[in-house]
Structure formats: structure tokens, C-alpha cells
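# A closer look at the structure
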Amino acid sequence: MRKGFGPRAGQSRRARAAAWVLTATALAWAGCGTTGSGGSFETYPGGMLGSACLYEGQPGCGYDVDHAVVEVCSGGVWTQVQACPAGAFCTVDNTGAAACQSGGATGGGNDVGTGGGGTDTSGGGGNDVGTGGGSGNDVGTGGGGGTDVDTGGGTDSGGGGGSDTGGPIEPPALIGLGKFIAAIDGINVAVDYTGAPAKAQLVHRQSGDASGGCVAMAELTFAQPDGSCRLVLGFALGLEGKPLNLMTAQFFAKEVAGAGGAAPPACGNWPEESATGTVVYDAVAPAATVSFPKIPQPAAAAAQAELTGQIVQVQAGKPLTMKFGNRQFQLTFQGLAVSGKLVSAGNPSATCGQKGIPLPQWQLADINPGSPGFKNTYGLDAFAGKKVVVALVSDWCNSCRAQA
């Protein structure tokens, strides 16, 4: 929690609760997330009820007047699914699932007693004003043997093993958004990754240049929560200043157990694959792009940089053809993206794309009797706007010279 937010040591419980509600309401209106009236604040994903959202079906947390809510992106806006009871808060776990979390005491102590366990709102030890021998405090979950206002193993606003306001808020794990549609065996099969864990491996140009560093290469991996239906997309730079181009795409329709242990289950409603062993479809002439923001300084000069709160979407103008042996299907992306924290490895040798080099200007006489331009002299500019194939040959290559 940033300094200046949340309750302070010495405040009454009522004042502390009011401070949390005001702070949480302000943050929720900013679209950050939600909190219960008693404490822990979750920042991502979600937004104020009725506010705009991007990805249909994405779960999240919100806040309504005096209580947290579980919400979902429906019809382009955040819509309530469940109202959390008073004192509870909403969390989004590392699989992307949102749920209400109770803040009620679970230990053996109580709000004003001196029990050896339990706290005012969580399941540690100690209690709100007593001196119990447990390990928690007013709303925290860790702790030494301290109390709400004392300085044993933890205090109201900081200290030993736990605090009233908790530790720094960490961004969530990276999750997938969207899906792809596969046209295979005469049917359309949807493979949805919304809310499932995703992975991203990025490489950026490690440089102290004031302009920051670009992401030069990226690999995005999507999978179902059980590890099935794995999709791996590899991107690299094209021209400088342009998005990263899709270079490779692999879809694991079926996987067998390797040396590392058991194989993931079969891919949902995917048609049965008759081939034995692992079945991996590869993209034929992949065409798609993805854009990453520039990494600012000082992170760009570091060996590792973080981009938090990101939504990075894959863009494809047409379906990809995916092939395995003699079997193939058409893959169409629908809102496929990763959302959360991205970590990039710095590489001083990475470049921010190739610079375009203009073709030399030249003209040649057309010596092909069957050509409409026979005996005329012209260059490539005569074919502006058309697709042109240029064969580059060497003068020592006899067959090349014969062809020319």
C-alpha cells in the first residue's frame, strides 16, 4: 500500500473503517478494483459497475456503495454477478477467477478479548485490542505475537510479521483473454483462454538511451487451466517502429507424457486425433502482429524490466492455416490477448527493427518477344502498385544466365 493510503495507528476502529471505505471508493472510481469495508485491497482486474470493459466474459472485482462485488464484462460494461457480504472483499486469483473472500475471525480469540488465536477480520493470531499470543493483528494475516496497537511481532501500521494494511500490492499473474475459432472437420470449435494462466517471454533492447527500450522478440503461451489446448505464438520485429510480426504458431491438440511427468488432459471439445503421440499443428505462412509499449528508463537499462497492468492483443487480418501431416484447419483469433504483468529480459544486442532500404533506381531493355513491353526500356516504377517478383542472379551461374 502506498504511503498515505489506509488507516493510521491510533485511530479508532470506526475511523479506520471510514478511512478504508473512502480510500477504497476513490480507488474503485479510478477503475483500480475493490475492497471490503474492513481491509485488503485488490487492484486488478475490474472496474466500477457500469463502466466500460474490453473483453466479453472477463471476470473482475468492483465496488458498490459499501460492499465489494464480483463482476463480469457483459455487453461491454462491468456487470454485477454477486454482492459480497459486509466485511468481505473480492479477489481475483492467479487463474483469473473472481470470488468473495470472507473477513470473519477464524481463530480462537475475539474482537476485544485476549485469546490465543484469531483476529478481528482474518485468521491469524492475537486480536484487535488484546495481547494474545497469536500472530496476527486487526486486518492482517501474518504476524508475530503483537497486537493492534502494540509493537510485538507486528503493529497497526507496520512492523514485525504483519500489519494492519498489509504489504505492497503485487500485480496479478498473467492471464489470457479471448479465444480462437478452429474450422476443422466441417465444424467450428471454440478454444477459450479467458481467465486461464498465460505466459510471456519478452526480450527488449537493453540500453541507457533516453528514448527507452523496445520489445524486440516475444513468445506468448496460452493454455487451459489444466494445461491442455496449448497455443504458442512467436513474434519478432520487422521494420522499425512497426508491430512485431508473427513468425511461428503452434497448437498442441494432443500431448503425451514426457520425462517430466504426466501429460495434460485432452483438449476440451477438440475432435479426436487418430495420430499417436503428441499432435502439434504449425502455422503455414503465419500472418499476425502484436504491439508492446516502449519500456521507459530506468527500466530499459536494466537486465530485467516489468510492464504492469498491460493488455496486449494479437491482431490478424485473416485466418491462419494450421497443419499437422495431411490434416489442417483454419484458425481465427477473437480478442486473443494477455493481461497483467509482463517481464522482459534485457539484451544489449537486440535491435528495434530493420530500417527500410530503398531499391536502387534502374532501367533495362525488355528483350522478351512475348512481353507487352518488348523492345521498350523501363524500370520497376512501371509496375507501381502491382506485385513483382525479382530474381537476383550471379554472372558465374550458367543456368541463371541462360534463364536471363
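The rules behind each value
Residues numbered from 1 in each chain as written. Predicted model: local features only at pLDDT ≥ 70, side-chain atom pairs only at ≥ 80, totals over all residues. Heavy atoms only, no water. Helix = DSSP H or I, 4+ residues; strand = E, 2+ residues; numbered from the N terminus. Areas by Shrake-Rupley, 256 points an atom, 1.4 Å probe, with all protein chains shown as cover. Buried < 20%, exposed > 50% of the residue type's maximum accessible area, 1.4 Å probe, protein only. Pairing = 2+ DSSP bridges. Axes fitted to C-alpha atoms, helices over the stretch in contact; angles between N-to-C directions. pLDDT = per-residue confidence, 0-100. Contact = heavy atoms within 4.5 Å. Disulfide = S-S within 2.5 Å.

This paragraph deals with the overall build of the protein chain. On a plain count of helices and strands, the protein chain comes out with two helices and 20 strands. For the protein chain, the exposed area adds up to about 20900 Å²; of that, 54% sits on carbon and sulfur atoms.

Within the secondary structure, proline 197 is located in the loop between strand E9 (187–192) and strand E10 (198–205). Overall, proline 197 belongs to the partly exposed group, its relative accessible area being 33%. Spatially, the C-alpha atoms of proline 197 and alanine 223 are 6.9 Å apart, while their sequence positions differ by 26 residues.

On to the sheet that holds strand E5 (residues 77–83), then. Strand order in the open sheet formed by three strands is E3-E4-E5, with antiparallel pairing between adjacent strands. Only two strands of the sheet have a single partner each, and these edge strands are strand E3 (59–64) and E5. On average, adjacent strands in this sheet sit at an angle of 45° to one another, irrespective of strand direction. Pairing geometry for E3 and strand E4 (residues 67–74), over six bridges, is antiparallel. Following the sheet pairing, proline 59 is matched in E4 by valine 72.

Next up on the list: the confidence of the model for the protein chain. On average, the protein chain scores 72 in pLDDT, and the residues at 70 or more come to 66%. Strand E17 (residues 320–324) holds the highest mean pLDDT among the elements of the protein chain, 96, whereas strand E2 (residues 41–42) holds the lowest, 30. Low pLDDT (under 50) marks residues 1–44, which in the prediction has 93 contacts with non-local residues, meaning those over four places away or in another chain. Low pLDDT, under 50, characterises residues 104–171; the predicted model gives this stretch 159 contacts beyond four residues in sequence or across chains.

Looking now at the pairing of E17. Consecutive side chains of a regular strand alternate in pointing toward one face of the sheet and then the other. With three bridges connecting them, strand E14 (residues 279–284) and E17 associate as antiparallel partners. Along E17, the bridge assignment pairs alanine 283 with methionine 322. Taken together, the five bridges between E17 and strand E18 (residues 327–347) define a ladder with antiparallel strand orientation. Paired with leucine 320 across the strands is leucine 331, a residue of E18. Hairpin connection from E17 to E18: two residues lie between these consecutive antiparallel strands, with glycine 325 at a positive phi of about 60°.

This part takes up the state of the cysteines. The full count for this structure, using the stated rule, is four disulfides. Paired by a disulfide, cysteine 229 and cysteine 267 hold their sulfur atoms 2.0 Å apart. Because the sign of the S-S torsion sets the handedness, a value of about 110° for the bond joining cysteine 229 and cysteine 267 places this disulfide among the right-handed ones. Here cysteine 229, found in the loop between strand E11 (215–222) and strand E12 (230–236), pairs with cysteine 267, found in the loop between strand E13 (244–254) and E14; they are 38 residues apart in sequence, far enough to count as distant. When its relative accessible area of 4% is taken as the criterion, cysteine 267 is described as buried. In this model, cysteine 397 is linked to cysteine 400 through a disulfide, with the two sulfur atoms separated by 2.3 Å. Its torsion about the S-S bond being 65°, the disulfide of cysteine 397 and cysteine 400 is classed as right-handed. The class for cysteine 400 is buried, based on a relative accessible area of 18%.

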